[in-house]
Amino acid sequence: MADNSTVVSEAGRSLLADSSVLDSKIIETSKENLFPGSALDVEEEMPQIETRVVLVQEAGKHKELLKALEEIKVPYIKTDTIEELGDSDSPEFETIFVVSDFQDCIFNNLCKADCRVIGPPVVLHCARKGEPLPFSCRPLYCASMLNLVLCFTGFRKKDELVKLVTLVHHMGGIIRRDFSSKVTHLVAHSTHGEKFRAAVSLGTPILKAEWIYKAWEKRNEIDFCAADDDFRDQFKVLPFQDCMLSFLGFSDDEKANMEEMTEMQGGQYLPVGDERCTHLVVEESTVKDLPFEPLEKLYVVKQEWFWGSIQMDARAGESMYLFEKSESPGLKKSVSLLSLSTPNSNRKRRRLKETLAQLTRETDMSPFPPRKRPSAEHSLSIGSLLDISNTPESSTTSGETPKSCAKPSKNSTPLPLKQSARWQVAKELYQTESNYVDILTTIIQLFQVPLEKEGQLGGPILAQEEIKTIFGSIPDILDVHTKIKEDLEDLMMNWTESRSIGDIILKYSKDLLKTYPPFVNFFEMSKETITRCEKQKPRFHAFLKINQAKPECGRQSLAELLIRPVQRLPSVALLLNDIKKHTAEENPDKVTLERAIESLKEVMTHINEDKRKTEAQRQFFDVVYEVDGCPANLLSSHRSLVQRLETVALSDDLCDRGEQVTLFLFNDCLEIARKRHKVIGVFRSPHGHTRPPASLKHVVLMPLSQIKKVLDIRETEDCHKAFALVVRPPTELNNKLFSFQMTSEEPPKEDWLKLLCRHVANTICKADAENLIYTTDPDSVEVSTKDMDSTLSRASRAIKKTSKKVTRAFSFSKTPKRALRRALMSHSATEGRSPSSANENYIGSRLTSTSSLTGIPSPSLVNLPSIFEKRSLTLSRSTTHLI
């Protein structure tokens, strides 16, 4: 077998022999070299041996190598041939040869002479870390596999194995013949054999031989390590490598999904019955018998083997997942157990009768009547928690009841068959609460705990941030409802009509208020995270397939189970209303139930309000991420986003005419942003999350108090859906007109203008918002939308942008136009109260081409000629100084 094969090199040494003894001697010798102080006694008896480095041929021309040797203070000599050195076995010094090429004849001659040979990357590595040159009896070119222990399996070609082992030694790796827990990486040529199975069970990375070849190609990179996850994961042995799969009993969609996953995981799929097939994956719930007699080499496995292999990122053992014919589903397990007993037929019959009797006893009814099986169809949208008229969890609706929820309480005792209507509804409240607690327990035990478990085979399935986003405060919610369930159980076991149900809800109302908002507010994000991870991470998809198929889930998905906390409080409110209807007026619990219902409504109101605030905050951050250069002062606790409007600029004041402009209306300001001409790259967080690039560029953040009038421009043949804003910026003496054309159908222009005016009126404390709207003709404000979509208009805008880029590229001043405007405006504002020397220093330090300055079309440059007239002497002096 290949696992036990031994390869012998030309020198007569076994390359695959367990090198632990030799490696330990090397390590001990290296320790003596690294820590000379620990061998004082040896130093007293033996003379010091000086280390001498010989740079052979090309190595002597390596400037960085020469500098590294000087840093570690090691003497060196250069040579082109080994014969120039004469006898290199002088007892006065130890010679280390540095060779750049480990394949030429000089290297082979040095190896035959058992000389110490290293590569230039080793010297550079030691110099960077301040360490002495390592001692190695084998040629060592680089340290990219230092401290890695490798084992090989499945290789049949001797020459290939010799080459791989040699390369590993050249990179500092260690070879083990037998697989053990000390092996860090298994290099496999096939997915069969004991070594492969042991590596899967221990979670040892299993890699292809290409990993070694690619690592050798990077041998000259000093900081490269072959064990880096990003590099190593490119060469993993995929779970279904060398496997040909067929699928039986699955729906068309599920079969197509599994075939796609097979190819992604390195396998191939074939039609059922193909003799080349190695694995037949069977849906055990629909397939009772195979349509053909399988060959001996064919593995007939359950679908759990398929998803389990993907989840652990390695091919799982087939013996645990073999498919067996189900002759009698109710007695299959008992018969299999009897087959392991003594061959005495009478004893088998007796045990079979006992098994049948046990199965009969297990059909006894619970003290509580069985719950009805509801439909599994329900909506996953949240809606308002105050809407309790259509809640899906009265009588445990909205999904099939998981089997783990059908167990009666261990403290339950038979009760009289006839009870009051109040007791019947209270019993339903307890049953639904018990069912709800079991569902939460299933979510945590079946999904959250395995995902958070350390030491998962193949590494973590999800990042910790993704797990927190999906499950949120589910454990805290479970703790509260476990206590409510225990109190309700005690109430039902010691039932009297005077026992208070409302007190139990009031007792935990504060806990409900604290635990539910964090989960409900981010439930949509939790669903989105599940959907995204299931699409992007095959291991998580396989994890869900395995666990959602278990009976504890009742054939419900994780997203369907996670919606239960959203539905629970409205369901409890409905049941409390029913209990209140069947409670007598003189019963003291009547008033308590009313208080409990009100407390639940307050909790749900708080959740809705908190959810609204959370959504508003998310909208804020969405705007910040979407708009490049968005001002930080936009984020404020009192500010909220009211409306977003897509428009096109009809004037050149804010940006070029015809540019796409987005207006974000807040309750006290208006953020104006234009579409970016060049989109930057995608942002990637350290945890792997990607954020889309900013598609907009900030133009201006305008307080609504600056808007003096809102102009509703009449509809004509040349003007459609246009409006304008009359704005007075604080730095301007005159009003400015900003005109836009709406490009979206919603909202209607009339509604948008009324909404804008209402918030403007609220900002300036005026009650007559309608008086801010003025209707005008397009000609009076010189606005037209006729040529906005024409080819000529688009070409004109493109030429204008290109000319700006060219002007910018050839300009002597690299100062942005807006920066110049601000500088000149601040200069003109301070001219009357600042000393003339300050103005002279300002112009001298901000000198630009006068032609480019006068060419800027801005109202703020009206006084520019007078400025240069007043400061002509200073300007000429500064120009002379620069020349």
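Quick note: structure is the one above.
None of the values given here were measured: they were computed from a predicted structure. (Residues numbered from 1 in each chain as written. Predicted model: local features only at pLDDT ≥ 70, side-chain atom pairs only at ≥ 80, totals over all residues. Heavy atoms only, no water.)

Undergrad: Provide a residue-level description of the overall build of the chain, including the pertinent values.
TA: Counting its regular elements, the chain contains 30 helices and 23 strands. Counting only contacts in the chain whose residues sit at least 6 apart along the sequence, the fraction spanning at least 24 positions is 68%. For the chain, the exposed area adds up to about 48,800 Å²; of that, 52% sits on carbon and sulfur atoms. (Helix = DSSP H or I, 4+ residues; strand = E, 2+ residues; numbered from the N terminus. Contact = heavy atoms within 4.5 Å. Areas by Shrake-Rupley, 256 points an atom, 1.4 Å probe, with all protein chains shown as cover.)

Undergrad: Tell me about the nonpolar core, and name the residues and values.
TA: Residues Phe540, Leu562 and Leu576 are the most contacted members of the largest nonpolar core, which totals 61 residues. It is helix α14 (residues 421-452) that provides the largest number of residues to this core, a total of 14 residues. Beyond its immediate stretch of four places on either side in the chain, phenylalanine 540 contacts Leu451, Ile461, Leu462, Ile470, Ile530, Cys533 and Glu534. Ile106, Cys115, Leu161 and Met171 belong to the second-largest nonpolar core, a separate cluster that totals 35 residues. (Core = buried A, V, L, I, M, F, W, Y, C linked by side-chain atoms within 4.5 Å. Buried < 20%, exposed > 50% of the residue type's maximum accessible area, 1.4 Å probe, protein only.)

Undergrad: Quick one: what's the story with helix α15 (residues 464-471), residue by residue and with numbers?
TA: Within α15 the residues assigned to the buried category are Glu466, Ile467, Ile470 and Phe471. The arc that holds the buried residues of α15, viewed along the axis, is 115°, so those residues lie on one side. At its buried positions, α15 is contacted by α14, α16 (474-493), α18 (509-521), α19 (523-536), α20 (538-548) and α21 (558-562). Positive phi appears at glycine 472, one or two residues downstream of α15, with a value of about 55°. (Arc of directions from axis to C-beta.)

Undergrad: Give me the packing of aromatic side chains: which residues, what numbers.
TA: Following the criterion strictly, the structure yields 16 aromatic pairs and no others. When the ring of phenylalanine 224 is compared with that of phenylalanine 231, the centres are 4.9 Å apart and the planes differ by 90°; the resulting orientation is edge-to-face. Take phenylalanine 224: its relative accessible area is 12%, and that puts it in the buried class. On the accessibility criterion, phenylalanine 231 (9% relative accessible area) is buried. Clustering of aromatic rings is evident, with ring pairs tying together Phe240, Phe247, Phe250, Trp305, Phe306 and Trp307. Sitting over the face of the ring of tyrosine 141, arginine 219 holds its NZ or CZ atom 5.8 Å from the ring centroid. Note that lysine 709 overlies the ring of tyrosine 774, its terminal NZ or CZ placed 4.8 Å from the centroid. (Phe/Tyr/Trp six-rings, centres within 6.5 Å; stacked < 30°, edge-to-face > 60°. Lys NZ or Arg CZ within 6 Å of the ring centre and 35° of its normal.)

Undergrad: Provide a residue-level description of the side chain of aspartate 104, including the pertinent values.
TA: Considering the arrangement of structural elements, one finds aspartate 104 in the loop between β3 (93-98) and α4 (105-112). Put simply, aspartate 104 is tucked away with no salt bridge, and the nearest opposite charge, on arginine 219, sits 11 Å away. Among the polar contacts listed, one links the side chain of aspartate 104 to the backbone nitrogen of phenylalanine 107, at a separation of 3.0 Å. Non-local contacts of aspartate 104, meaning those with residues more than four positions away in its chain, are made with Gln57 and Val99. (Lys, Arg positive; Asp, Glu negative; His and termini not counted. Salt bridge = Lys/Arg side-chain N within 4 Å of Asp/Glu carboxyl O. Polar contact = N/O pair within 3.5 Å; in protein donor to acceptor, adjacent residues only side chain to side chain.)

Undergrad: Report on the packing of helix α11 (residues 303-312) against α20, specifying residues and quantitative values.
TA: For the pair α11 and α20, the least separation of the axes is 7 Å and the interaxial angle reads 145°. The two elements α11 and α20 cross, and the hand of that crossing is left-handed. Residue-level contacts link Glu304, Trp307, Gly308, Ile310 and Gln311 of α11 to Pro538, Arg539, His541, Ala542, Phe543, Lys545 and Ile546 of α20. (Axes fitted to C-alpha atoms, helices over the stretch in contact; angles between N-to-C directions. Left-handed = near helix turned anticlockwise from the far one by under 90°.)

Undergrad: Describe in detail α16, supporting the description with residues and values.
TA: If you check α16, its first and last C-alpha atoms are 28 Å apart, about what 20 residues at 1.5 Å a residue would give, namely 28 Å. Taken as a whole, α16 has its buried residues at Ile474, Ile477, Leu478, Val480, His481, Ile484, Lys485, Leu488, Glu489, Leu491 and Met492. Where the residues of α16 are buried, they touch α14, α15, α17 (502-507), α18, α21 and α22 (564-581). (Expected span 1.5 Å × (residues − 1).)

Undergrad: Describe a negative patch on the surface, naming the residues involved and giving the relevant values.
TA: On the surface, Glu717, Asp718, Asp779 and Glu782 cluster together into a negatively charged patch. Among the secondary structure elements, glutamate 782 is positioned in the loop between β23 (773-776) and α25 (791-810). (Patch = residues over 30% accessible without salt bridge, like charges linked within 9 Å, V, L, I, M, F, W, Y side chains within 5 Å. Charge placed at Lys NZ, Arg CZ, Asp CG, Glu CD.)

Undergrad: Hey, could you go over the pattern of salt bridges for me, with residue numbers and the actual values?
TA: If you walk through the whole model with that rule in mind, you get 28 salt bridges. Among the ionic contacts, a cluster of salt bridges with common partners joins Asp229, Arg232 and Asp233.

Undergrad: Can you break down the sheet that holds strand β12 (residues 299-302) residue by residue, with the values?
TA: The strand order β10-β9-β11-β12 describes an open sheet built from 4 strands, whose pairing is parallel. Edge positions in the open sheet fall to β10 (268-269) and β12, since each of these has one partner strand only. Strand contacts of helix α10 (residues 252-264): β9 (244-248), β10 and β11 (279-282), with the helix running at about 170° to β9, the strand carrying the most contacts. Across the face of the sheet, α11 comes into contact with β9, β11 and β12 while running at roughly 80° to β12. (Pairing = 2+ DSSP bridges.)

Undergrad: Which residues make up unusual backbone geometry, and what are the values?
TA: For the bond running from glutamate 746 to proline 747, omega is -5°, close enough to zero to count as cis. Relative to the assigned elements, proline 747 resides in the loop between β22 (736-742) and α24 (749-763). For asparagine 147, which is not glycine, the phi torsion reads 70° and is therefore positive. Among the structural elements, asparagine 147 can be located in the loop between α5 (120-129) and β5 (149-153). Even without glycine at this site, arginine 555 takes up a positive phi of about 60°. Here arginine 555 shows up in the loop between α20 and α21. Since its relative accessible area comes to 61%, arginine 555 is described here as exposed.

Undergrad: If you had to explain the packing of α14 against α15 to someone new, which residues and values would you point to?
TA: α15 packs onto α14 with a crossing angle of 165° between their chain directions and a minimal axis gap of 10 Å. The orientation of α14 with respect to α15, classified from their angle, is roughly antiparallel. Along this stretch, α14 crosses α15, giving a crossing that reads as left-handed. For the pair formed by α14 and α15, the contact residues are Ile443, Phe447, Gln448, Leu451 and Glu452 on the first element and Gln464, Ile467 and Phe471 on the second. Within the contact of α14 with α15, the residues separate by chemical class into 5 nonpolar, 2 polar and 1 charged. (Parallel < 35°, antiparallel > 145°, perpendicular 65-115°, else oblique. Nonpolar A, V, L, I, M, F, W, Y, C, P; charged D, E, K, R; others polar.)

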